[in-house]
Amino acid sequence: MDEVSPASRLDSWARRMRRSGSGPFSSKRAHPKEALFVGSLWGLIDLGDRRAADTLIALFLDQITYYEKYGFLSRAGDDRAVIPLLAEIIEGPDQNKADATWALTGIAQRFGADAFGDILRAGDQGQHEDDIKTFVQRSLRYSQADVEHHFEIFYATDAGGLPSRIEPAFLNR
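Here the residue index of a chain counts from 1 through its sequence in written order. Confidence filtering applies because this is a predicted model: local features only for residues at pLDDT of at least 70, side-chain atom pairs given and counted only at 80 or more, and all residues used for totals across whole chains, interfaces and linings. Computation of side-chain values: all heavy atoms of the structure, hydrogens and water removed.

1. Some remarks on the packing of helix H3 (residues 51-61) against helix H5 (residues 82-91)
Two measures define how a pair of helices packs: the angle their axes make with one another and the distance between the axes. Axes here refer to lines fitted to C-alpha atoms; in helices the fit is confined to the stretch in contact. Angles between the N-to-C directions go from 0 to 180 degrees. Only DSSP runs of H or I covering at least 4 residues are called helices, and only runs of E covering at least 2 are called strands; the numbering of each starts at the N terminus. Packing of H3 against H5 leaves a shortest axis separation of 11 Å and a crossing angle of 35°. Between H3 and H5 lies a crossing of left-handed hand. On the side of H3, the interface is formed by Ile57, Phe60 and Leu61, while H5 contributes Pro84, Leu85 and Glu88. When residues are sorted by character, Ala, Val, Leu, Ile, Met, Phe, Trp, Tyr, Cys and Pro go into the nonpolar class, Asp, Glu, Lys and Arg into the charged class, and all the rest, Gly among them, into the polar class. Across the contact of H3 with H5, the residue classes tally to 5 nonpolar, no polar and 1 charged. Each crossing is labelled by how the near helix is turned from the far one, with a counterclockwise turn of less than a right angle marking it left-handed and a clockwise turn marking it right-handed. Only heavy atoms matter for contacts: two residues are in contact if any of them lie within 4.5 Å across the pair.

Here's what the structure looks like:
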């Protein structure tokens, strides 16, 4: 018998939850069982598994809220996340706009100026070429290092180093 991979189980679970209307897919708010998909999703992202982008876009389009959303999108979001992130930046709640912008910057950095411009042109809603070029330039004015600094915990390669960054006064309480 073939062993089922954790990623396949995650995909299967997500489809069942979406069909049944239960689990984190039943609400636009954070769900107490979010840890059931966040840990698995983080693993897929760390492995560079393409299914991570599929799951991220499904969660994003279903308006599922979870703490790691924008950090994950900055690392593994693909072209399908660009237009929804733009909509979030323009029409979303003010408290999400900065993180959505940083996530979009992370995606733009991975694709580069030409490919990112092509993605915007494909989702073009009547924008002029000059507007697209300007937006690409503004999206890329921050470096990948800046994105990684903003979403530091999502890019940390040495999790053991995180406690050393905690304020010493906090640890001595």
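2. Comments concerning the confidence of the model for the protein chain
Per-residue confidence for the protein chain gives a mean pLDDT of 78, with 68% of residues at or over 70. Note on scores: pLDDT gives the predictor's confidence for each residue, bounded by 0 and 100. Ignoring residues within four places in sequence, the model shows residues 17-29, a span with pLDDT below 50, making 23 contacts including any to other chains.

3. A short note on the packing of H3 against helix H4 (residues 69-76)
It is at 10 Å that the axes of H3 and H4 come closest, and there the two elements cross at 140°. Overall, the two elements H3 and H4 adopt an arrangement that is oblique. Relative to H4, the crossing made by H3 is left-handed. Contacts between H3 and H4 involve Ala53, Leu56 and Phe60 from the first element and Lys69, Phe72, Leu73 and Ala76 from the second. Looking at the contact of H3 with H4 residue by residue, the class counts come to 6 nonpolar, no polar and 1 charged. Roughly parallel means an angle under 35 degrees; roughly antiparallel, over 145; roughly perpendicular, 65 to 115; everything else is oblique.

4. A few points about helix H7 (residues 113-122)
Each residue gets one of three labels from its accessible area relative to the maximum for its type: buried under 20%, exposed over 50%, partly exposed in between, using a 1.4 Å probe on protein chains only. Taken together, the buried positions of H7 are Phe116, Gly117, Ile119 and Leu120. Looking straight down H7, one finds that the buried residues subtend no more than 155° of arc, so they occupy a single side. Pointing more than 90 degrees away from the buried face of H7 are the exposed residues Asp114 and Ala122. Arc definition: it is the arc formed by the directions from the helix axis to the C-beta atoms.

5. Re unusual backbone geometry
Non-glycine residue Gln63 carries a positive phi angle of around 60°. Its location among the elements puts Gln63 in the loop between H3 and H4. Assessed through its relative accessible area of 41%, Gln63 is described here as partly exposed.

6. Section: the nonpolar core
The nonpolar core is taken to be a set of buried Ala, Val, Leu, Ile, Met, Phe, Trp, Tyr and Cys residues, with the residues joined through side-chain atoms within 4.5 Å. Core analysis: the biggest nonpolar cluster contains 36 residues, and Leu41, Leu56, Tyr66, Phe72, Leu73, Val82 and Leu85 have the highest contact counts within it. Looking at this core, the elements with two or more residues in it are helix H2 (35-47), H3, H4, H5, helix H6 (94-111), H7, helix H8 (129-139) and helix H10 (152-155). Residues within four places of Leu73 in sequence aside, it is in contact with Leu56, Phe60, Ala81, Leu85, Ala103, Ile107 and Arg110.

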